[in-house]
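Descriptive analysis of the structure
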Amino acid sequence: MRVGLLGTGPMTRAIGARLVQAGHTAVIGSRDAQRAAAVARDIGGDAHGTGYRDAAACEVVIVAVHDPVAVDVVAGLSEVLDGAVLIDLGNPLDPPHWESRYAGGPSLAERIADAAPGARVVKAFNTVYAELLALPSAAGSEPPQTFIASDDAEAAALVIALARELGTAPVDVGSLRMARHLEAVAGFEVAMVASGFAAAVATRLSAVPPA
Ligand SMILES: NC(=O)c1ccc[n+]([C@@H]2O[C@H](COP(=O)([O-])OP(=O)(O)OC[C@H]3O[C@@H](n4cnc5c(N)ncnc54)[C@H](OP(=O)(O)O)[C@@H]3O)[C@@H](O)[C@H]2O)c1
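In this text the structure is predicted, and so the values were computed from the model without any measurement. (Residues numbered from 1 in each chain as written. Predicted model: local features only at pLDDT ≥ 70, side-chain atom pairs only at ≥ 80, totals over all residues. Heavy atoms only, no water.)

The two faces of strand β5 (residues 85-88) match: V85 and I87 on one face and L86 and D88 on the other face are all buried. Here four bridges tie strand β4 (residues 60-63) to β5, and the two strands are oriented parallel to one another. Counted as the bridge partner of V61 is L86 from β5. On the question of chirality, the crossover connecting β4 to the parallel β5 by way of helix α4 (residues 70-76) is right-handed. Pairing between β5 and strand β8 (residues 120-123): four bridges, direction parallel. Residue pairing across strands places D88 opposite K123, the latter belonging to β8. (Buried < 20%, exposed > 50% of the residue type's maximum accessible area, 1.4 Å probe, protein only. Helix = DSSP H or I, 4+ residues; strand = E, 2+ residues; numbered from the N terminus. Pairing = 2+ DSSP bridges. Right-handed = clockwise from strand over helix to strand, strands pointing away.)

Moving on to the site of the ligand. Taken together, 21 residues sit near the ligand, with T8, M11, S30, R35 and Y52 positioned nearest. Within the contact set of the ligand, an oxygen atom lies 2.5 Å away from a side-chain nitrogen or oxygen of T8. Between H66 and the ligand, the recorded distance is 2.8 Å, taken from a backbone N or O atom to an oxygen atom. Burial of the ligand by the protein chains amounts to 77% of its free accessible area of 880 Å². For the shell around the ligand, the residue count by class is 10 nonpolar, eight polar and three charged. (Near = heavy atom within 4 Å. Polar contact = N/O pair within 3.5 Å; in protein donor to acceptor, adjacent residues only side chain to side chain. Areas by Shrake-Rupley, 256 points an atom, 1.4 Å probe, with all protein chains shown as cover. Nonpolar A, V, L, I, M, F, W, Y, C, P; charged D, E, K, R; others polar.)

In spatial order, the strands read β3-β2-β1-β4-β5-β8-β9-β10; together these eight strands make up an open sheet with mixed pairing. The open sheet has two edge strands, β3 (48-51) and β10 (169-174), and neither has a second partner. Sheet twist, expressed as the average angle between the axes of neighbouring strands with direction ignored, equals 30°. Sheet topology places strand β1 (residues 2-6) next to β4; four bridges connect them, and they run parallel. Directly across from L5, in β4, lies its bridge partner I62. Lying on the sheet, helix α1 (residues 10-21) is in contact with β1, β2 (25-30) and β4; it crosses β1 at an angle near 170°. (Axes fitted to C-alpha atoms, helices over the stretch in contact; angles between N-to-C directions. Contact = heavy atoms within 4.5 Å.)

This next bit is on helix α8 (residues 179-194). Here α8 contains 16 residues, and its C-alpha end-to-end distance of 22 Å stays within 8% of the 22 Å for a straight helix at 1.5 Å per residue. A179, L182, E183, A186, G187, E189 and V190 are the residues of α8 that are buried. For α8, the arc enclosing every buried residue in end-on projection is 165°, short of the 170-degree limit, so these residues lie on one face. Set apart from the buried face of α8 by more than 90 degrees, the exposed residues are H181 and F188. In the segment just after α8, G196 is the residue with positive phi, at about 115°. (Expected span 1.5 Å × (residues − 1). Arc of directions from axis to C-beta.)

Mapping S175 onto the fold places it in the loop between β10 and α8. Excluding its chain neighbours within four sequence positions, the residues that come into contact with S175 are A149, S150 and D151.

On to the pattern of salt bridges. For the coordinates displayed, the defined rule picks out nine salt bridges. A salt bridge links K123 to D88, with the nearest nitrogen and oxygen atoms 2.6 Å apart. Of this pair, K123 sits in strand β8 while D88 sits in strand β5, placing them 35 residues apart in sequence. Note on accessibility: K123 and D88 belong to one class, buried. Notably, a salt bridge pairs R180 with E110, separated by 2.7 Å at the nearest N-O pair. Of this pair, R180 sits in helix α8 while E110 sits in helix α5 (residues 108-115), placing them 70 residues apart in sequence. Three or more residues are tied together by salt bridges with common partners; here these are D67, D94 and R101. (Salt bridge = Lys/Arg side-chain N within 4 Å of Asp/Glu carboxyl O.)

This is the structure we're talking about:
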């Protein structure tokens, strides 16, 4: 599967590497073509770099841009994203308290869905630190948990299967509105890390997620 990743930050690097290891094509989109090409080279496999518009033309697209610009970036690509499964992993959090700037709702994910009405939006991966995803999955170790929220059951099923292929343990938490809670959970994790806990604290509510 061709998976577009918008942005060249730590989440794109970590998920891009896992995508390539799982046999997918990672299409890295950046504001700067040279940066995209360099990140694609680091990721390896048949990853390649391009602009946001090309990366957004994939079957599955991951919005991994700096969160304050995520809604505007998606709005600018709305037509290209028509019909795509659009994964939002953003956390609208600001220091020093790391509370969501959208705490009263709608969540970032719901705002992204409004900005691209033809896209099939799924919230996923937002509660997992990039540094945890960047670690190779060790045999026998517990995979990082990923929460999946969407109003589109087919899109959610595709992302659940993909999350499993990427070596994570997906948990379907229901409608896209649940993203309000998931963004708050990420704020809790970041605040924990800011106060000295290891990034590997990624939330684990259940050792055995439901099948
Ligand atoms: N880092 C984590 O551990 C983690 C974990 C879970 C969720 N998240 C979420 O994942 C998303 C991506 O986070 P990240 O840490 O990978 O990267 P990031 O530092 O938030 O930036 C990602 C990319 O956004 C692009 N971008 C576009 N417009 C920008 C602007 N005006 N200013 C700065 N960057 C801009 C840049 O790529 P180009 O310039 O190449 O286009 C940049 O590499 C965020 O929404 C974050 O909340 C992060």
